[in-house]
Amino acid sequence: MAKDPKNEENQPLVSEPAQFKKGEYLIHVLIQQTRGLTSDKIIDPLICIEGFKQKKYSTQKIGASPTSTTLWNEHFYFTQKFADGRLLNSCQIKFTVLDHKLFGSNAIIGVYDLDFSTVYLQENHALLHKWVGLINPQKDFNKITGFVKMSINIVGEGDKQTTLCQENEIEVRSKIEEEKDQNIFGDGNLLLPPHIQAKGQQLKITLSRAEKLIKMDNLLGSIDPFVVFKVGGLSINTDKIDKNQNPVWELMIYIPITNPCSSENLIMRAFDYDMGQKDEIIATHLFKISDIIRGQYIQPTWINLYGANIDADQEQRKYLCSHPDLGTCYSGRLQLAIEVVEEPKPQLKKEKINDKELLTKIKLNQMSQWECHCDAFYVINCPKEDGEYSLKMCWGENEIQTGKEKARNGVCEFYKHLAFFNAKFPFLQSRDLPDVFLYLMDGDKPICFKRFINSDILQSAENQTGKHITVNFLPDKSIKNTPLDQTGIIKIKLLIIQSGVQMKLSQLTKPQRVNQGKVYINLFQAHDILSRDSDGLADPMAEILFYDFKTSTSVINRTISPIWNTQHILNTYNFDKIPPIIIKFFDEDTVGRDFLGQVIIDYYDGEKAGYILRNQNKVADPQWIDINIYGQSAGQVLLSVNYNDNPNVKIPQQIAPKAAKHFVKMKLLGLRALKSYGPIPVSKAFVKFNVESIKQPNEKNEFQAAQIITQPKDSGSNPNIQTIITFEINLPEDDAYMPRLPGSVHDYVMKGLLQPLIGQFQVNLRKQKEKTFKQIKQKIEVGQRVLNDASLVNDNYVHVPGEELLEPSDDKELLAQLEMINNNSINVGMVIKYVQYQKNEDEGTFEEIDQFPSQYIPLGYDTQLQKANLYMLRINKQGKSHACQENITAKASITLELDKQVKRDRISTAANQLVKKPKILEDNQNDQQVEINISDSKQQGTIFQNTLQIIESLKSKKHYRLCLPCPLENSLFMSKDTFDNLNLHKGINSPREAETMADLIFGVTDTDLKVGHLKGWIQCISEKDLEELKQMPTSKLFMHEFDFSQGKSTTQTGDMEIITKSAVTVQIYILDCSNLPPKDFDSMSDPYIQIQLGDQVVDNQKEYKQDDCNPKFYKLFTISTELPGASDLIIQVYDYDDFTADELIGQTVIDIEERYFQQRFRQLKYVPIETRQLYHPSSSISQGDIRLFVEIIPSKQTSILRNPWFIDQRPKAKFFVRLVVWDVYDVPIMDAEGTSDIYVSSYIDEKVKQTTDTHYRSQNGRGSFNWRMVFPLELPRPETIVSFQVFDKDIFSPDDFISDCTYDLTKLANKAFENEINLKLYSQRAPPDDGIQKQSLLRISKKNGTLYEKIAIQTENVQKDGYNTKKQGVIVISLEIIPESMHLKNSVGLGRSQPNHSPFCPEPTGRIEFSWNPIKMLDQLLGPTAKMYILLGLCSLFSGYMCVMFLPIISGAIMANWITG
């Protein structure tokens, strides 16, 4: 299909496509963890996430220490629509961690900024499980103040969301002492701020001055400019300069960055300062960081600025000035130099340039002279057919304009030469020259424009004399509303050369208006023409323009698929370059006419495409070409063109295609999801087929009526038609000319007196013809393949046509990887896999033997007793059953579980009678047995064998099922397009005109109003193709496929199913949802499921999941219905609200008729799980995913219906964590006197903390506690982490934080939950002798060696640099996870209180002991430092006393000696 070569209404102005498309975008952020939040005290962290200029806050965590790992697992969503995708280049995602204050403002801990493009350009548009480093811009730019682990996914329209979930990978902070020196960040998982790196770097921007800036203030005719530079989350402004179009800054600007940089671009924006108002943007320029690093801007460079006209309003200016390639006028130029320099301590700053040599260098203007030549020939399709227009060309600050010319029949001939001679620019390189703007002027106002990139029109070896260009003008919506169908098409020749280069100017003369030939426009037909009438039809006609010649087609009444088959001949002049052909389409009304769209055909592009021929005596082969209106598609037209300027060539005038007999068979199932045409609901809808409209012109009608009308039958919005229509008709032999059969749906009101239109549709007969031939041929080939390979005759195989395996499919690679595709067949028996168990004798737990691929999802669960049964069954199958037979006595103890809910398995009543009064023997807490009393010992052997057979018939209630990453209908498990669903559209279809420049550049979008669809099978085949198929081998096996007889066929069972209803039961197994956006203001959504099928509605509102964006339902919903009938199974996810109406989160629709009537779906032995996107009617962005599988079972198959699949997940259970803190050692001394008052705080949930008692006056960094803590725990949960914090207790000041650590209990907790047992935490290394605790090390012997219950864990604190950590003690603990039932039976006390057992916690040692000996008490109370100071004080006092006592004696002796000589 050919596109309009020169129709640029919806083409962007830029030379390269936009990086981001317009539309709606969603940012999904998952905050997982934080750690190392630097502070001199315990903080209460709070995270602020900002995206699309929206702020959202996390919950507040209580009491986080500097090295602790804090779990968040909180989701945040941001959505916004963008009419211009380029605006996304400057969007950022900002993370701010705050210390929450009850009074006053929150203190900033750290900040991290991430560019939108950095995330979106990643694989799957996602960053998964990345750590980011935080910095505090208020304190030190070069210091890491903490880390946040997060995942981000950004999706636009049509993108598939990536599920963001928590990872179980926190083993870093939960290491035992031997797990040293692990890097928690891993390779490539740490993202640092732009200025934090091992080797400091920063951007050095030398900003000199600007010239020729556009005047922004209309009244004063001046501008107050300043410039903003931004990279990552850092930005810096220059000072504003008052009222100056040529401002001089002479600044040196420094911005810290990293290499590689997390930002793609350095963004520069120029603004005009307005006092008391919002500053107006002048222009934007993007510098790629990669170009800066390569040194592209190391020398002073002039940057051209482009923006909006001074008269543009703020709304239009926002789009035009947001990106340099969107500007509609020249806005000035700016000189700067940018380079990356090494700097140990990068800083964000600006300073005046004091280097005189540098100032001299940047002030030196080396001007170069250039010329721009433009030959302006003509403008056709002018806004006014008889208006006066002129052309203005702008190149930088240079302007030139032609005189006014009068248009004639919409053609304005200029044939003028416009040129700039010796234009001076301060550019040394040609690539720096400004772009050329050409404006169509109506008086002194530009109404249309076209921008030409300088590199496209610069003189080169391939472009010596200039390019002839024929292009559309674009209306400048920021100035004047010019209709898009009358923008003008200009033909010019443009060339830029350096001054001094000789160029010969050609003489421009207007073409002589003498006929030099003819143009033959062969207009065949069109389809999907816009309908402007209330009945959904139109009266289309076409107007053809070629230069100043014009002709029209006839009006085709009451159709949107007109067939003309006419040839239109127009004269032509002697053109150097043949002008384009314009075809406009109108809906002819009694008064006036409505514009329906247009086609602009470039002669030379059409000649290359093959639908335009020159001087050939045959009609050119036609092509379908898009009709456009306001940037939207408005149908297609089939045409070709012959250009003839040779009188000896004769063009055939008969262009109607040859016709051949075709068979059409329509098996109409019914109308679905009809929407009422007014306030009254649909009564009895029926269908009309306008067969008359596809009849070839001048052909006699062989039908009794021009329309085929079905009978009104069922009422409501899903009426069944259940009719088979067959007829023969002459249609074009060549499929390229195949028309579309229009139809409409009407309501039957007041016994047919009123028949209001509901909607209309079209049948693509060409598509149906190709599809019919292909389907019959594939069935014959598959049948031949199965006959040739008998191994494929198996109910486990579903046969797929070979051609279908070559087509793209969302699951093809997955099935090939799992080896489920064999000889073009799918092994559906591999969709599910059952579980087998092995026993861990040391732990008393059962583990699954097989490791299934990650594409398999576990469903259901087995109890501990069932696992034991399955384990014994596996052992028996391995030949160990004879050991049991030898020990059979009157009382036989075997493991047996009679599962009444096992899928499709039954145990006979006789076998059940073998079991009498089962009794559970609890020999220990981990093993259970069932005792079976056997009455007759003579039948022991037979009974044992029968019992083994019963056991062997049992299957695990848990199975793994294949999960597809897509809907089932998009996979190989279903054939494509079982039904032909013809969408019904509302009658009047009037797209709006572009209102903004963003609409103009990127096109306007209006959602087409759909009012339902017609469902059925439509077959079309020619008599010739039918005979060809009958000649194929084994075609006799599929003779029913060739039945196109009149009336209802009895040879096809499918035909019989259409006309009879069948009762079925639909079983919908809902597993889980992911990525659900929040609907509540301050929390996540509270989702539940609601399912609709026709008038039936079922839901689980009472079982809503509170505050969960990834809820797990594992729920079966059952609906009984009749097919054919209501077919749209609408699965909706709602947010539950207490006081307001529940809000829809998203929905997905499954067509159950599409599946029930499909042979391939019926052959599925097991249905795989499918992943479906949820959508909200008001948004085009996915609102999350839902995983489910659907079975459609005939209601008469009661045995299957009574045994649905068991998919329940193991119910949540309450466990308890019994934790004993024995002692700590190597704790640093915190008090000045050389002692510490140590205590330990621990928690799993930060809201529920427990602390030990205090070990006062520890003088050696050791503390003894023997303190038990008990934490309730509900399992399963995503992560189970226990945290420890060591403090020094103070009386008159806050307690001093010493160190902390965390330990990941997730695996241990999950294992205890899955096996319903208690488990202890063991270490293979004995804890060190602390010199205080002298009790047993609590060791046990296992196969792997000796294990110790006491575990030593290293505690840490952050060093003064805020980045590295230092070891500050070891804590010794023991830990056990125990079910609630066992905890209640064997309860324990907190601390050292009673009951004190499992293990026994004795009184701590090494504490202060009361003594009447004061020296001993002082020795315990005073630390080494205090003792030293006291001793030094006593020594000083003694020395002073001795000096005082002996000073008189000594001085007297000295005086006596002096006197006595």
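Source: prediction; values computed, not measured.

Rules of the game
- Residues numbered from 1 in each chain as written.
- Predicted model: local features only at pLDDT ≥ 70, side-chain atom pairs only at ≥ 80, totals over all residues.
- Heavy atoms only, no water.
- Patch = residues over 30% accessible without salt bridge, like charges linked within 9 Å, V, L, I, M, F, W, Y side chains within 5 Å.
- Areas by Shrake-Rupley, 256 points an atom, 1.4 Å probe, with all protein chains shown as cover.
- Salt bridge = Lys/Arg side-chain N within 4 Å of Asp/Glu carboxyl O.
- Helix = DSSP H or I, 4+ residues; strand = E, 2+ residues; numbered from the N terminus.
- Buried < 20%, exposed > 50% of the residue type's maximum accessible area, 1.4 Å probe, protein only.
- Expected span 1.5 Å × (residues − 1).
- Polar contact = N/O pair within 3.5 Å; in protein donor to acceptor, adjacent residues only side chain to side chain.
- Core = buried A, V, L, I, M, F, W, Y, C linked by side-chain atoms within 4.5 Å.
- Contact = heavy atoms within 4.5 Å.
- Phe/Tyr/Trp six-rings, centres within 6.5 Å; stacked < 30°, edge-to-face > 60°.
- pLDDT = per-residue confidence, 0-100.
- Pairing = 2+ DSSP bridges.
- Axes fitted to C-alpha atoms, helices over the stretch in contact; angles between N-to-C directions.

This part covers a nonpolar patch on the surface. Taken together, the side chains of Tyr1441, Met1445, Phe1446, Ile1449, Ile1450 and Ile1454 present a nonpolar region at the surface, about 620 Å² in accessible area. Secondary-structure assignment places Phe1446 in helix α21 (residues 1424-1459). The exposure class of Phe1446 is partly exposed, given its relative accessible area of 40%.

Let us now look at helix α6 (residues 765-788). With 24 residues, α6 extends 35 Å from end C-alpha to end C-alpha; this agrees with the ideal 34 Å at 1.5 Å per step. Sitting at the head of α6, Asn764 places a side-chain oxygen 3.3 Å from the backbone nitrogen of Arg766.

A few words on the nonpolar core. Counting residues in hydrophobic clusters, the biggest one holds 78 residues, and the most contacted among them are Leu962, Phe973, Ile1068, Ile1070, Ile1089, Leu1129 and Ile1131. Apart from the residues lying within four places of it in its own chain, the contact partners of Leu962 are Leu814, Leu815, Leu818, Met820, Val831, Gln855, Tyr856, Phe973, Pro1168 and Ile1169.

Further remarks concern the packing of aromatic side chains. Throughout the structure, instances matching the rule amount to 42 aromatic pairs. Considering the side-chain rings of Phe689 and Phe761, the 5.6 Å spacing of their centres and the 80 degrees angle between planes classify their relative orientation as edge-to-face. Placement of Phe689 in strand β39 (residues 685-690) and of Phe761 in strand β43 (residues 757-764) is noted, with a sequence separation of 72 residues between them. Neither Phe689 nor Phe761 differs from the other in exposure class; each is buried.

On to the environment of Glu399. Structurally, Glu399 can be placed in strand β21 (residues 398-401). Sequence-wise, Glu399 and Phe437 are 38 residues apart; in three dimensions their C-alpha atoms are separated by 9.5 Å. The contacts of Glu399, once residues within four sequence positions are left out, are Lys392, Met393, Cys394 and Phe420.

Moving on to the confidence of the model for the chain. Averaged over all residues, the pLDDT of the chain equals 81, while 84% of them reach at least 70. Mean pLDDT in the chain bottoms out at strand β52 (residues 919-921), which sits at 28, and peaks at strand β58 (residues 1087-1093), which reaches 95. Taken as a whole, residues 1-18 scores under 50 in pLDDT and shows 60 contacts with residues more than four places along the chain or in a different chain. Under a pLDDT of 50 for its full length, residues 168-187 has, in the predicted model, 52 contacts with residues more than four places off or in other chains.

A few words now on the environment of Leu508. Within the secondary structure layout, Leu508 lies in the loop between β28 (489-498) and β29 (517-527). Sequence separation of Leu508 and Phe414 is 94 residues, and the distance between their C-alpha atoms is 9.2 Å. Look past the residues within four positions of Leu508 in its chain and what remains in contact with it is Asp375, Ala376, Phe377, Tyr415, Lys416 and His417.

We now examine the environment of Asn1260. For Asn1260, the location among the structural elements is in the loop between β68 (1255-1258) and β69 (1263-1275). A polar contact is formed between the side chain of Asn1260 and the backbone nitrogen of Arg1262, at a distance of 3.2 Å.

Reading across the sheet, the 4 strands line up as β12-β11-β14-β15 and stay open at both edges, with antiparallel pairing between neighbours. At either end of the open sheet lies a strand with only one pairing partner, and these are β12 (234-237) and β15 (280-288). Put simply, the sheet's adjacent strands are angled 15 degrees from each other on average, direction ignored. The pairing of strand β11 (residues 225-231) with β12 spans 4 bridges and is antiparallel. Bridge pairing links Val228 to Asn237 in β12.

All told, the structure shown has 38 salt bridges when counted by the stated rule. For Arg209, the salt bridge is made with Glu211, and the minimal N-O distance between the two is 3.8 Å. For the pair formed by Arg209 and Glu211, the shared burial category is buried. We note a salt bridge from Glu770 to Arg766, for which the minimum N-O separation is 3.6 Å. Residue Glu770 and its partner Arg766 are located together in helix α6, separated by 4 residues, close to a single helical turn.

Moving on: helix α18 (residues 1306-1315). Within the span of α18, buried status applies to Thr1306, Leu1308, Ala1309, Ala1312, Phe1313 and Asn1315. Of the residues trailing α18, Glu1316 is marked for its positive phi of about 55 degrees.

Turning our eyes to something else, we now look at unusual backbone geometry. A cis amide bond, omega 0 degrees, links Leu1123 with the succeeding residue Pro1124. Cis peptide bonds are those with omega within 30 degrees of zero, and the linkage from Gln1394 to Pro1395 qualifies with -5 degrees. Positive phi, close to 60 degrees, is recorded for Lys53, a residue that is not glycine. Note that Lys53 resides in the loop between β2 (45-51) and β3 (54-57). What makes Lys53 exposed here is its relative accessible area of 82%. For Asn1075, which is not glycine, the phi dihedral falls at a positive 60 degrees. By secondary structure assignment, the location of Asn1075 is in the loop between β57 (1062-1074) and β58.

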